[in-house]
Amino acid sequence: MLEEKRCYPYQIRNPGEKQYALKLHIYRDAKTGQELFANVQYKEGSYIPAVWQSKVIPDQEEELGNYEIKRVEIINGKITGEYLEVRT
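Residues numbered from 1 in each chain as written. Predicted model: local features only at pLDDT ≥ 70, side-chain atom pairs only at ≥ 80, totals over all residues. Heavy atoms only, no water.

### Some details on the packing of aromatic side chains
For clarity, the cut-off: Think of it this way: a Phe, Tyr or Trp ring, Trp meaning its six-membered ring, pairs with another when their centres are within 6.5 Å, and the plane angle makes it stacked under 30 degrees, edge-to-face over 60, tilted otherwise. Strands here are runs of E lasting at least two residues and helices are runs of H or I lasting at least four, both read from the DSSP assignment and numbered beginning at the N terminus. Cation placement over rings: the criterion is NZ of Lys or CZ of Arg within 6 Å of the ring centroid and within 35° of the ring normal.
This structure, assessed with the given rule, holds one aromatic pair. Centroid distance tyrosine 27 to phenylalanine 37: 4.5 Å. Interplanar angle 20°. Geometry classified as stacked. One end of the pair, tyrosine 27, is in strand β2 (residues 21–28); the other, phenylalanine 37, is in strand β3 (residues 35–42), and 10 residues separate them in sequence. Positioned over the ring face of tyrosine 67 is lysine 55, at 4.9 Å from the centre of the ring.

This is the structure we're talking about:
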């Protein structure tokens, strides 16, 4: 199994807000590279499952390797967030 880690800083919008990061961990099959599961972590909180939902490859951009991957955050069996990864 391969683990891919990504960290995205929060853009502070209001005075008094604290800086923090969203961490995304993606776990892939070592042989195929297929995503097995993922999770996110806000600040230093607990890990939350982020389930792969879809991958869209724009027709005109397939040869460029561009895509959009959508994952949904699930807490207590309910979708509580959505993440869109866009490669252009």
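### Side note on the layout of surface pockets
Heads up, the rule is: The way it works is a 1 Å grid over only the protein atoms, where trapped points that fit a 1.4 Å probe form a cavity and open points with protein on both sides within 12 Å along at least five of seven lines form a pocket, and then any residue with an atom within 4 Å of a point lines it. Grid points are joined across faces, edges and corners, and a volume is the space filled by probe spheres set on the points. Think of it as three bins: nonpolar holds Ala, Val, Leu, Ile, Met, Phe, Trp, Tyr, Cys and Pro, charged holds Asp, Glu, Lys and Arg, and polar takes everything else, Gly as well.
Estimates place the volume of the largest pocket at around 170 Å³. Together, Arg6, Arg28, Gly33, Gln34, Glu35, Trp52, Lys55, Tyr67, Ile69, Arg71, Glu85 and Arg87 line the largest pocket. Listing elements by their share of the lining of the largest pocket, those giving two or more residues are β4 (48–56), β5 (67–75) and β6 (78–87). Taken together, the residues of the lining of the largest pocket sort by class into three nonpolar, two polar and seven charged.

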